[in-house]
Structures are given as C-alpha cells and as structure tokens.
Amino acid sequence: MIESTPVGTTACKVVANEEITDNVHYLTFERPYDFEAGQLLSLTLNANIPPRLYSIASGTNNDCISILFDVKPEGTLTPLLAKLAAGDFVFISPPYGSFLGSNEPAVWIATGTGIAPFISMAQSGLGDNKTLIHGARTINEFYFAHFFEAIKGLTYIRCASKGSYSNTYNGRLTAYLRETSSLPLNEKYYLCGNPLMVNEVRDLLIERGIPFDNILSEIFF
Ligand SMILES: Cc1cc2nc3c(=O)[nH]c(=O)nc-3n(C[C@H](O)[C@H](O)[C@H](O)COP(=O)(O)OP(=O)(O)OC[C@H]3O[C@@H](n4cnc5c(N)ncnc54)[C@H](O)[C@@H]3O)c2cc1C
C-alpha cells in the first residue's frame, strides 16, 4: 500500500534490495526521472521522516535507479531501508547536484559508500581515462570491485587501512596519495565520502600543487 506521498516527492516501487556486504545495501527502485551521472536525490519512507540524501549509484541508461547505503544502527531511516522488499515504496525527489561526471580524464577518489556516484559515472560510460582510488578498512568494503576492474581505460587502485591483501595498497588512502608520484596537475579530482577524508585529501592535493578549481567535492554527512 502507498502511504500519502510527501510533498515534492514521487512514489517509486522497490525492485530489489540486496545486502552486498554486512550492513551495506544496494537498493533498486522504479525510475521516474532522467538524471545526470553524479547527481543525488533525497529519499524517505513517509511524511514523518525528513528525507535523507543519497547519490545515485546506477547508470543513466538503466531502467531503474539504485542507491548504495550503509545502515546506521542508531539512525532513523537506514534501518528501515534495510528491511524494504520488492513491491514496497520509497519516495524520492527529482535528482539534483553539480558533482557531474564527464568524458575528460579525471581522478576519482572515494571512501566507503562514497563510491556511489562513481558507480553511476562508470555505468554511464564515463569510466575511460579515469583513475579510481577507493579507500576502505577491509577487503570486503571495496564495493563493485569486479565491475571497476573490468572497465577498460580505468585504473583501479584500492587502499585498505586494516589487514594485508594482494593487489591492494595496504595503508590509508591519504598515505597512498602522499607516496604516489602520479598526481596529474591538469586533471579534475572528484572527492566523495566522509567530511574528514574530503578535507584531508583536498588539503593534500593543494599541497601537491593541484589547482583548487580542479577539485570537486561531494561530502556525505
Ligand atoms: C550530499 C550527500 C550525499 C549522501 N549520499 C549518501 C549515499 O550515497 N550513501 C549513504 O549511505 N549515505 C549518504 N549520505 C548520508 C545520508 O544522507 C544519511 O545521513 C545516512 O544514510 C544516515 O541516515 P539515517 O536516517 O539512518 O541516520 P540519522 O538518523 O540521520 O543519524 C545520523 C547519525 O547519527 C547517529 N545517531 C542518530 N541517533 C542517535 C542516537 N540516539 N544515539 C547515537 N547515535 C545516533 C546515527 O548512528 C548516524 O550515524 C549522503 C549525505 C549527503 C549530505
């Protein structure tokens, strides 16, 4: 049954809700709007819960829209989202935001679920000429790793801060950025994830000579 639709939102039927690793879900629902890769939407379950923001994590040509979220155990919305099943409804705003992907060479930098807009950009055909650097704690948290590894023209680097794994930089993403010699000065840098990471990486890039105007940020708070 559809609850009364909150103002400014559209009801969308849930198609799938997959827990891709502990407490991280890939939620897919009907698509009422077109969007640009990198945009976000606000989403709720009823008029009593203020909407939360989620980056779209699916391609612009997909039939449905997906988001990637981690469950905050003390949170209001995400424990309820985790219980959704096919046939339930979510309420979403039209897409918005200026963190937009392009065909130009660029460096994509994410921590945790901050990978979401880059899933959208890559699924939308913008993965060529990109370097993706994903930071997480353990190997299980590199969401969509196989998908990114298979994209021609995309260099995929993952940094695990806990544990030791093959084909992985074993250390924090910021340590990797301090050590690497390949930070092109004339490309755009897209940063997405928690505020601490985005601020630290932005400072580090500026120290390394990247022009401020080449740094775009999407902060999940
Ligand atoms: C631009 C933007 C894009 C975003 N995109 C994404 C995305 O793609 N994926 C994603 O997962 N998130 C994203 N977020 C974050 C998202 O909007 C929500 O903030 C998040 O999902 C938590 O929602 P919630 O209702 O479960 O938690 P909230 O109820 O909003 O709680 C927020 C935090 O407070 C803590 N908290 C709340 N109440 C208590 C309490 N009583 N005691 C202790 N702790 C408490 C919760 O554990 C949680 O950590 C984005 C945010 C922004 C600003």
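What counts and what doesn't
Residues numbered from 1 in each chain as written. Predicted model: local features only at pLDDT ≥ 70, side-chain atom pairs only at ≥ 80, totals over all residues. Heavy atoms only, no water. Buried < 20%, exposed > 50% of the residue type's maximum accessible area, 1.4 Å probe, protein only. Helix = DSSP H or I, 4+ residues; strand = E, 2+ residues; numbered from the N terminus. Pairing = 2+ DSSP bridges. Axes fitted to C-alpha atoms, helices over the stretch in contact; angles between N-to-C directions. Domains from an automatic or database assignment. Contact = heavy atoms within 4.5 Å. Buried area = accessible area lost by both parts, 1.4 Å probe. Salt bridge = Lys/Arg side-chain N within 4 Å of Asp/Glu carboxyl O. UniProt positions renumbered as here; feature names shortened; annotations may be inferred. Near = heavy atom within 4 Å. Polar contact = N/O pair within 3.5 Å; in protein donor to acceptor, adjacent residues only side chain to side chain. Areas by Shrake-Rupley, 256 points an atom, 1.4 Å probe, with all protein chains shown as cover. 1 Å grid on protein atoms, 1.4 Å probe; cavity = no way out; pocket = protein on both sides within 12 Å on 5 of 7 lines; lining within 4 Å. Sits in = over half its atoms within 2 Å of the grid points. Nonpolar A, V, L, I, M, F, W, Y, C, P; charged D, E, K, R; others polar.

Considering the pairing of strand S3 (residues 40-44)
Alright, step 1. For S3, the buried fraction is high: five of the five residues fall into the buried class.
Alright, step 2. Of the two faces of S3, the one holding Leu 40, Ser 42 and Thr 44 and the one holding Leu 41 and Leu 43 are both buried throughout.
Alright, step 3. As defined by bridge partners, S3 adjoins strand S4 (residues 52-55) across four bridges and the pair is classed as antiparallel. Each bridged residue has a counterpart across the sheet, and for Leu 43 the counterpart in S4 is Arg 52.
Alright, step 4. Where S3 and strand S6 (residues 89-92) come together, two bridges link them in antiparallel fashion. Its bridge partner lying in S6, Leu 43 is registered against Ile 92.

Some remarks on the sheet that holds strand S2 (residues 24-30)
Alright, step 1. Taken in spatial order, the six strands of this open sheet run S4-S3-S6-S1-S2-S5, and their pairing is antiparallel. Because the sheet does not close on itself, it has two edges, and the strands there are S4 and strand S5 (64-70). Strand-to-strand twist in this sheet, taken as the mean axis angle between neighbours without regard to direction, amounts to 40 degrees.
Alright, step 2. Bridge count for strand S1 (residues 10-21) against S6 is four bridges, and the pairing is antiparallel. Opposite Lys 13, over in S6, you have Phe 89 as the bridge partner.

Quick look at the domain arrangement of the protein chain
Alright, step 1. When cut into domains, the protein chain gives domain 1 (10-92) and domain 2 (106-219).
Alright, step 2. The C-alpha-based centres of domain 1 and domain 2 are spaced at 23 Å.
Alright, step 3. Across the contact, 18 residues belong to domain 1 and 14 residues belong to domain 2.
Alright, step 4. Note on domain 1 versus domain 2: buried area summed over both sides is about 1200 Å², and carbon and sulfur give 63% of it.
Alright, step 5. Summed over the shared surface of domain 1 and domain 2, the result is zero salt bridges.

Here's the deal with the sheet that holds strand S10 (residues 169-170)
Alright, step 1. One open sheet holds the six strands; their spatial order is S10-S9-S8-S7-S11-S12, and the pairing between them is parallel. The outermost strands of the open sheet, each flanked by one partner alone, are S10 and strand S12 (215-219).
Alright, step 2. Relative to strand S9 (residues 154-160), strand S8 (residues 130-136) runs parallel, the two sharing seven bridges. Each bridged residue has a counterpart across the sheet, and for Lys 130 the counterpart in S9 is Leu 154.
Alright, step 3. With respect to the sheet, helix H2 (residues 116-123) is in contact with strand S7 (106-111), S8 and strand S11 (188-193), its orientation differing from that of S7 by roughly 140 degrees.
Alright, step 4. Across the sheet, helix H5 (residues 195-207) touches S7, S11 and S12, and the angle it forms with S11 is around 160 degrees.

Side note on the UniProt feature "domain: FAD-binding FR-type" (unreviewed entry) in the protein chain
Alright, step 1. With numbering aligned to this structure, UniProt lists the feature "domain: FAD-binding FR-type" (unreviewed entry) at residues 7-102.
Alright, step 2. With 5% helix and 41% strand, residues 7-102 has its two end C-alpha atoms placed 32 Å apart.

Structural notes on H2
Alright, step 1. Counting buried positions over the eight residues of H2 gives seven, a clear majority of the element.
Alright, step 2. Positive phi appears at Gly 125, one or two residues downstream of H2, with a value of about 90 degrees.

Some remarks on the site of the ligand
Alright, step 1. Near the ligand there are 20 residues, and of these Arg 52, Leu 53, Tyr 54, Leu 77 and Thr 78 occur at the shortest range.
Alright, step 2. Backbone polar atom of Leu 53 to an oxygen atom of the ligand: 2.7 Å apart, as the coordinates give it.
Alright, step 3. Contact with the protein chains covers 69% of the free accessible surface of the ligand, which is 980 Å².
Alright, step 4. When each cavity is represented as a set of grid points, the ligand is found to reside in the largest pocket.
Alright, step 5. If you list the elements that add at least two residues to the shell around the ligand, you get S4, S5 and helix H1 (78-82).
Alright, step 6. Residue contributions to the shell around the ligand peak at four residues, all from S4.
Alright, step 7. Classifying every residue of the shell around the ligand gives 11 nonpolar, five polar and four charged.
Alright, step 8. For the shell around the ligand, the two domains that each supply at least three residues are domain 1 (10-92) and domain 2 (106-219).

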